[in-house]
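Coordinates in review
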Amino acid sequence: MEFGLSEEQEQIREEVERFAKNEIVPEAEKYDVEETFPHEIVDKAADMGLVGSSIPIEYGGAGYSTLESVLIAEELFSWDPGIALSIMACSFGTEAIREFGNEDQKERFLEPVAMGEKISGAAISEPDTGSDVSSVSTRAEKDGDEWVVNGNKMWITNGTVGDFFVVLCKTNPDAEGRYNGFSQIVVESDRDGFSSDKITGKLGIRASDTAELIFDDVRVPEENLIGTQDAAFMQQMQFFDATRTGVAAQGVGIAKGALRAALEYAQDREQFGQPISEFQAIQHKLADMATQTEAARNLTYKAAWNVDQGNDITKLASMAKEYTSRVAVDVSNEAVQIHGGSGYVNDFPVERFYRDSKITQIYEGTSEIQKNVIARELLGKGF
Amino acid sequence: MKILVTVKEVATVEDEFEIEGTEIADQYLGADLNEWDDYAIEEAVQLQEAGVADEVVTVTIGPEDCEQTIRQALAKGADRAVRVWDDALEGVDLLDVNAKTQILSAVVEEEDPDLVLTGVQAGDDSFAATGVSVAEEIGAQWGAVVNHLEHEFDDGVASVRRELEGGVEELTDIELPAVLTIQTGINEPRYASLRGIRQAQRKELDVQGLADLGVDEGEIEGDLTLTDMYEPESESDATIWEGSPEETAAELGEMLRNKGVAP
């Protein structure tokens, strides 16, 4: 059993930390308040190869595994979740192209993302389709050698800044079984009939772009269908382990950042003639926060390691996602508490961590769905 | 053209620290690539990207622990690295300029570069002498505190801009082979890319001992003794203005002018 990071992994973490401290931290409050996408920071991150780090080397990425992606996400999210997500999400949807795309699709779609020239997105949720993914109603119909896409997608990360989206569409409404008859089709945002509407007023991760996508008779060439027609569910399900582990890493990062901020504040802030870190009430909070964070981290690393071994870890990935997101919310909550009144305004980063943490319990499968999955696996009920 | 860049892992100190004897206590120390060396590496890598340099080699004196730091240079684009270490160095308390000069000059002799880039100084011990001293030892010309380097080397001449005190700068032509000590601000050092970090793991990092370089152990014994280390008493002299931003900014501006900081 090996719990240590390799020299290379340690070096990645350090360089990401350097980048975050210099480029992200000074700007974090501004992008949160203004709710704007941090293009300048994303461009710099792209120069460093932070976007699309898991895209294979032959397509311009760094070819990093799940564990390394977890380390990158943890470090970035520990400095600012909104900007971190903006960076990490630049390659959303590309996993399907990486795994199931043909050579032409990989060259067209993976390379520009790895180079930071294009931003991708994944479009699954709809106004009436959240946790029940099988109710997707966005339709793609074949017309000659083109697909014609109609429908709406909701809560789409990068919706107004993305250059293309991997869209989950119903391609065969007559298919039997609720998980059959869906396909993943790439729709470029400059196609006629495509529009997007930015969603503002989010509780957290406000730097990250979220939008509703509207497809009104959008025509894309048939070459834009990824993998096997009507088999998108089976395709996409293979990534659940990795994507849930990825959100778990976000939670670890948020907890780590909130803990760091609380630890620093507790040692600086003096009351009754001494730093509040001298009080046992505060010490016990810090001890709990650190312990929870470490437990969450170990669960996440174990999940990531297993994904990289090619093991099927449905239960473990859901455990990591559910537990870690809960820890992120709890630890950032306590961090605000330790800051007292100062934690309630945005003079300190903990207010942001607290707001940002909540989304990790919602996206990529809510905590309730994760628990359903865990219980189903425990009871051997299967898919 | 071949460029040799000397790099050093320096000790970094936390804001709050304690001194034990003549050293800062271990728990307050971190390690990082020397800031000036980061600029020297960037300059060399830019010369390589511009097609001026064919090979960029880094050299460091340090134990195995420092390899992770040294690989930063490889991740940023240097082709290979040489690390010099020896049991004899383990026992030396203070590696002085002469010792570093002997070791680095031996590496220069072996590598035979056209250009040697060093940082102006190391952020921890601040001798600020190694680059110039190596130049003297190998009989090369040098330029100290270089803050601009022309990337055309016409007729084997490096045209550099050097930073003098009092806001004065001078341009100097220096014949190669030469040693340039690089000042911060000469360029904007890049972050190591993730691809670079990955590739750096496979780049050559050669370890050499004193005997490999033909350096006699006697030559690294220093004549310097560190006698004390302390924090100077600082005089508190803070001025706090109250009022609107316009008023306080005006008062600050006035003070900076009076003190000769601003024109």
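Each value, and the rule that gives it
- Numbering of residues starts from 1 in each chain and follows the order in which that chain's sequence is written.
- Both sets of labels track the order of writing: A upward for chains, 1 upward for ligands.
- Only residues with pLDDT of 70 or above have their local features reported here, since the model is predicted, and side-chain atom pairs are shown and tallied only from 80 upward, although totals for entire chains, interfaces and linings are computed over all residues.
- Hydrogens and water molecules were not included; the side-chain quantities draw on all heavy atoms of the structure.
- Think of a salt bridge as a Lys or Arg side-chain nitrogen and an Asp or Glu carboxyl oxygen that are within 4 Å of each other.
- Each helix is a run of H or I in the DSSP string that is no shorter than four residues. Each strand is a run of E no shorter than two, and both are numbered from the N terminus.
- Relative accessibility under 20% of the residue-type maximum defines a buried residue, over 50% an exposed one, and the middle range a partly exposed one, all with a 1.4 Å probe and only protein chains included.
- UniProt positions are given in the numbering used here, feature names are shortened, and annotations may be inferred rather than shown by experiment.
- When checking whether two residues touch, look at their non-hydrogen atoms; a contact exists if any pair is within 4.5 Å.
- Summed over both partners, buried area is the accessible surface (1.4 Å probe) that two parts give up on being assembled.
- We define a polar contact as two N or O atoms separated by no more than 3.5 Å, with the added condition that, inside protein, one atom must be a possible hydrogen donor and the other a possible acceptor, whereas residues neighbouring each other in sequence contribute only through side-chain atom pairs.
- Residues are grouped as follows: nonpolar covers Ala, Val, Leu, Ile, Met, Phe, Trp, Tyr, Cys and Pro; charged covers Asp, Glu, Lys and Arg; every other residue, Gly included, is treated as polar.
- Note: pLDDT gives the predictor's confidence per residue, expressed from 0 to 100.
- In this analysis the probe radius is 1.4 Å and the grid spacing 1 Å, with only protein atoms considered; a cavity is a set of points the probe fits into but cannot get out of, a pocket is an open set with protein on both sides within 12 Å along at least five of seven lines, and lining residues have an atom within 4 Å of a point.
- Grid points are joined across faces, edges and corners, and a volume is the space filled by probe spheres set on the points.
- Residue ranges for the domains trace back to a domain assignment, done automatically or taken from a database.
- Any pair of Phe, Tyr and Trp rings, taking the six-membered ring for Trp, is counted once the centres come within 6.5 Å. Such a pair is stacked with planes under 30 degrees apart, edge-to-face with planes over 60 apart, and tilted for the rest.
- Placement of a charge over a ring requires the Lys NZ or Arg CZ to be within 6 Å of the ring centre, with the centre-to-atom vector within 35 degrees of the ring normal.
- In this text, buried Ala, Val, Leu, Ile, Met, Phe, Trp, Tyr and Cys residues form a nonpolar core when linked through side-chain atoms within 4.5 Å.
- Here an angle of 0 to 180 degrees is reported between the N-to-C directions of two axes, which are lines fitted to C-alpha atoms, with helices fitted over the stretch in contact.
- Any angle that falls under 35 degrees is termed roughly parallel, while one over 145 is termed roughly antiparallel, one within 65 to 115 roughly perpendicular, and all others oblique.
- A clockwise turn of the near helix away from the far one marks a right-handed crossing, whereas an anticlockwise turn of less than a right angle marks a left-handed crossing.
- Strand pairing follows a simple DSSP-based rule, namely that at least 2 bridges must link the two strands.

All names here are of chain A. Enumeration according to the criterion identifies 45 salt bridges over all chains in this entry. For Asp209, the salt bridge identified is with Lys198, shortest N-O distance 3.2 Å. Here the residue Asp209 occupies a position in the loop between strand 6 (194-198) and strand 7 (210-221), and Lys198 occupies one in strand 6, the gap between them amounting to eleven residues. Owing to a relative accessible area of 1%, Asp209 belongs among the buried residues under this scheme. Judged by relative accessible area, Lys198 falls into the partly exposed class, the value being 30%. Its salt-bridge partner being Lys285, residue Glu334 comes within 3.3 Å of it at the nearest N-O pair. Here the residue Glu334 occupies a position in helix 11 (residues 314-339), and Lys285 occupies one in helix 10 (residues 280-308), the gap between them amounting to 49 residues. Where salt bridges share partners, they join Glu10, Arg13, Glu17, Lys21, Glu74, Glu75, Lys256, Glu294 and Arg297 into one cluster.

Right, let's get into the UniProt feature "domain: Electron transfer flavoprotein alpha/beta-subunit N-terminal" (unreviewed entry) in chain B. Listed under "domain: Electron transfer flavoprotein alpha/beta-subunit N-terminal" (unreviewed entry) in the UniProt record, and renumbered for this structure, are residues 21-217 of chain B. Counted over residues 21-217 of chain B, helix gives 32% and strand 28%. Its end C-alpha atoms are 27 Å apart.

What follows is about the interface of chain A and chain B. By a widely used convention, the size of an interface equals the accessible area lost when the partners come together. Residue-level contacts link 24 residues of chain A with 15 residues of chain B. Both faces considered, chain A and chain B share a buried interface measuring about 1,800 Å² in area, 51% of it formed by carbon and sulfur atoms. Linking chain A to chain B there are three salt bridges. Note that Glu7(A) and Arg71(B) form a salt bridge whose closest N and O atoms lie 3.4 Å from each other. Inspection of the chain A/chain B interface yields 15 residue pairs in polar contact (both at pLDDT 80 or more). Put simply, the parts of the chain that give the side of chain A that touches chain B at least two residues each are helix 1 (7-24) and helix 4 (66-77) of chain A. The greatest single-element share of the side of chain A that touches chain B, amounting to eleven residues, is contributed by helix 1 of chain A. Here the side of chain A that touches chain B is composed, by residue class, of eight nonpolar, seven polar and nine charged.

Glancing now at the confidence of the model for chain B. Averaged over every residue, the pLDDT of chain B is 92; residues scoring 70 or more account for 100%. Per the prediction output, this complex has pTM 0.90; the corresponding ipTM is 0.85.

A word on helix 12 (residues 350-357) of chain A. All names here are of chain A. Across the eight residues of helix 12, seven count as buried, placing the element largely inside the fold. Among all positions of helix 12, only Val350, Glu351, Arg352, Phe353, Arg355, Asp356 and Ser357 are buried. Where helix 12 is buried, its residues contact helix 2 (28-34), helix 4, helix 5 (81-88), helix 9 (240-268) and helix 11.

Left-over empty space is what a probe sized like a water molecule reveals as it rolls over the atoms. Residue and element names in this part refer to chain A. Taken as a whole and judged by the stated rule, the model has two cavities of 30 Å³ or more. Looking at the largest cavity, its volume works out to about 50 Å³. Forming the boundary of the largest cavity are Gly93, Glu95, Ala96, Ala122, Ala123, Ile124, Val166, Val167, Leu168, Gln184 and Gln236. A breakdown of the residues in the lining of the largest cavity according to their chemical character gives seven nonpolar, three polar and one charged. Both domains that furnish three or more residues to the lining of the largest cavity are identified here as domain 1 (7-115) and domain 2 (120-230). Of the volumes computed, that of the second largest cavity is approximately 30 Å³. Along the walls of the second largest cavity sit Ala28, Tyr31, Asp32, Asp80, Gly82, Ile205, Arg206, Ala207, Arg352 and Asp356, which together make up its complete lining. Only helix 2 and helix 12 provide two or more residues apiece to the lining of the second largest cavity. At three residues, helix 2 tops the list of elements feeding residues into the lining of the second largest cavity. Domain assignment of the residues forming the lining of the second largest cavity places at least three in each of domain 1 (7-115) and domain 2 (120-230).

Attention now goes to the layout of surface pockets. Residues and elements named next belong to chain B. Looking at the second largest pocket, its volume works out to about 1,700 Å³. Every residue lining the second largest pocket is counted, 48 residues in all, and those nearest its centre are Lys8, Asp93, Leu94, Asp124 and Asp125. Counting residues per element, the lining of the second largest pocket draws most heavily on strand 2 (residues 9-13), at four residues. Across the lining of the second largest pocket, the residue classes break down as 25 nonpolar, twelve polar and eleven charged.

The subject of this paragraph is the packing of aromatic side chains. For any pair of aromatic rings, the description rests on two quantities: the centre-to-centre distance and the angle between the ring planes. Residue and element names in this part refer to chain A. Summed over the entire model, instances satisfying the criterion amount to nine aromatic pairs over all chains. Judged by centre distance (6.2 Å) and plane angle (85°), the ring pair of Phe272 and Phe279 falls under edge-to-face. Take Phe272: its relative accessible area is 77%, and that puts it in the exposed class. One aromatic cluster is present, built from ring pairs that chain together Phe165, Phe194 and Phe215. Against the face of Trp147 rests Lys142, its NZ or CZ located 5.3 Å from the ring centre.

A few words now on the nonpolar core. Core analysis: the largest hydrophobic core is formed by 101 residues, its most contacted members being Leu50(A) and Ile87(A). If you tally residues by element for this core, the top one is helix 9 of chain A, at eleven residues. In this view, Ile87(A) contacts Phe19(A), Ile24(A), Ile41(A), Val42(A), Ala45(A), Leu50(A), Val51(A) and Leu76(A); residues no more than four positions away in its chain are not counted. Core analysis: the next-biggest nonpolar cluster, separate from the first, contains 23 residues, Val57(B), Leu95(B), Val108(B) and Val134(B) among them.

Describing two packed helices takes the angle between their axes plus the distance from one axis to the other. Residues and elements named next belong to chain A. At a minimum axis distance of 10 Å, the contact between helix 9 and helix 12 shows a crossing angle of 155°. Considered as vectors, helix 9 and helix 12 are oriented roughly antiparallel to each other. Crossing handedness for the pair helix 9 and helix 12: left-handed. The residues of helix 12 that touch helix 9, namely those facing Ile254, Gly257, Ala258 and Ala261, are Val350, Phe353, Asp356 and Ser357. Taken together, the residues that form the contact of helix 9 with helix 12 break down as five nonpolar, two polar and one charged.

Following the UniProt record, the feature "domain: Acyl-CoA oxidase/dehydrogenase middle" (unreviewed entry) maps to residues 122-218 of chain A here. When the span residues 122-218 of chain A is considered, its composition is 0% helix and 48% strand, and the gap between its end C-alpha atoms is 17 Å.

Residue and element names in this part refer to chain B. Where burial is concerned, most of strand 1 (residues 2-6) is hidden: five out of the five residues are buried. On strand 1, burial covers both faces: Lys2, Leu4 and Thr6 on one face and Ile3 and Val5 on the other are all buried. Where strand 1 meets strand 6 (residues 55-61), five bridges bridge the pair, whose relative direction is parallel. The partner of Ile3 across the bridge, within strand 6, is Val56.

Turning our eyes to something else, we now look at the side chain of Asn158(A). Residues and elements named next belong to chain A. Examined against the element boundaries, Asn158 turns out to sit in the loop between strand 3 (146-157) and strand 4 (164-170). Within the local environment of Asn158, its side chain forms a polar contact with the backbone oxygen of Ala89, the two atoms lying 2.8 Å apart. Setting aside residues up to four positions removed in sequence, Asn158 forms contacts with Phe37, Ala89, Cys90, Ile119, Ser120, Phe165 and Asp209.

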